[in-house]
Amino acid sequence: MSDKKIENELKKRINQFKKLLKNDDERENFYNNICGSEILVRIEIFLPSGNPERYYDGLFLYLNDEGRIVNAEYYYNEGGEGAITQLDDKSLEVVRELFEDELSLEIE
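Let me sum up the structure you'll find in this document. Predicted model, so just to flag it, every value in this text is computed and none were measured.

A few words on the environment of Glu 97. Structurally, Glu 97 can be placed in helix α3 (residues 89-99). C-alpha of Glu 97 to C-alpha of Ile 69: the two residues are 28 residues apart in sequence and 9.8 Å apart in space.

Here it is as structure tokens:
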């Protein structure tokens, strides 16, 4: 899919949202037609670095509404150039064991 296509679709949705903000009945109808939603919270962990001016790294932890880590990504940046990679299942389990009990999430 092209960047132009996604930009056009986003513009259409934003225009729709603006109209919904002006009409309570249409907004309620819109809400009633949403097929579902999922809460996913992203927490960024800045890992300790021996030389943060030269390099830094960290984790993006994705938690569901029960506070369980459902996905994680590792990022590394050195000299202004960086990369992000998704953790494989084994690494994700290690991250869960290390961090999950330290995080709390309360959603009302």
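Text resumes after the structure shown.
Turning our eyes to something else, we now look at the packing of helix α1 (residues 3-21) against helix α2 (residues 24-32). Contact pair α1 / α2: the axes reach a minimum separation of 7 Å and the direction vectors enclose 125°. Relative to α2, the element α1 lies oblique. On the side of α1, the interface is formed by Arg 13, Gln 16, Phe 17, Leu 20 and Leu 21, while α2 contributes Glu 26, Arg 27 and Phe 30. For the contact of α1 with α2, the per-class residue count stands at 4 nonpolar, 1 polar and 3 charged.

This paragraph deals with the nonpolar core. As a rule of thumb, nonpolar side chains are buried together in soluble globular proteins. Among the nonpolar cores identified, the biggest contains 10 residues, and these are Ile 45, Leu 59, Leu 61, Leu 63, Ile 69, Ala 72, Leu 87, Leu 92, Val 95 and Phe 99. Contributions of two or more residues to this core are made by β2 (55-64), β3 (69-78) and α3. Excluding anything up to four places from it in sequence, Leu 59 contacts Ile 43, Glu 44, Ile 45, Leu 47, Glu 73, Tyr 74, Tyr 75, Leu 87, Val 95 and Phe 99.

Reading the values: rules and limits
- Residues numbered from 1 in each chain as written.
- Predicted model: local features only at pLDDT ≥ 70, side-chain atom pairs only at ≥ 80, totals over all residues.
- Heavy atoms only, no water.
- Helix = DSSP H or I, 4+ residues; strand = E, 2+ residues; numbered from the N terminus.
- Axes fitted to C-alpha atoms, helices over the stretch in contact; angles between N-to-C directions.
- Parallel < 35°, antiparallel > 145°, perpendicular 65-115°, else oblique.
- Contact = heavy atoms within 4.5 Å.
- Nonpolar A, V, L, I, M, F, W, Y, C, P; charged D, E, K, R; others polar.
- Core = buried A, V, L, I, M, F, W, Y, C linked by side-chain atoms within 4.5 Å.
- Buried < 20%, exposed > 50% of the residue type's maximum accessible area, 1.4 Å probe, protein only.

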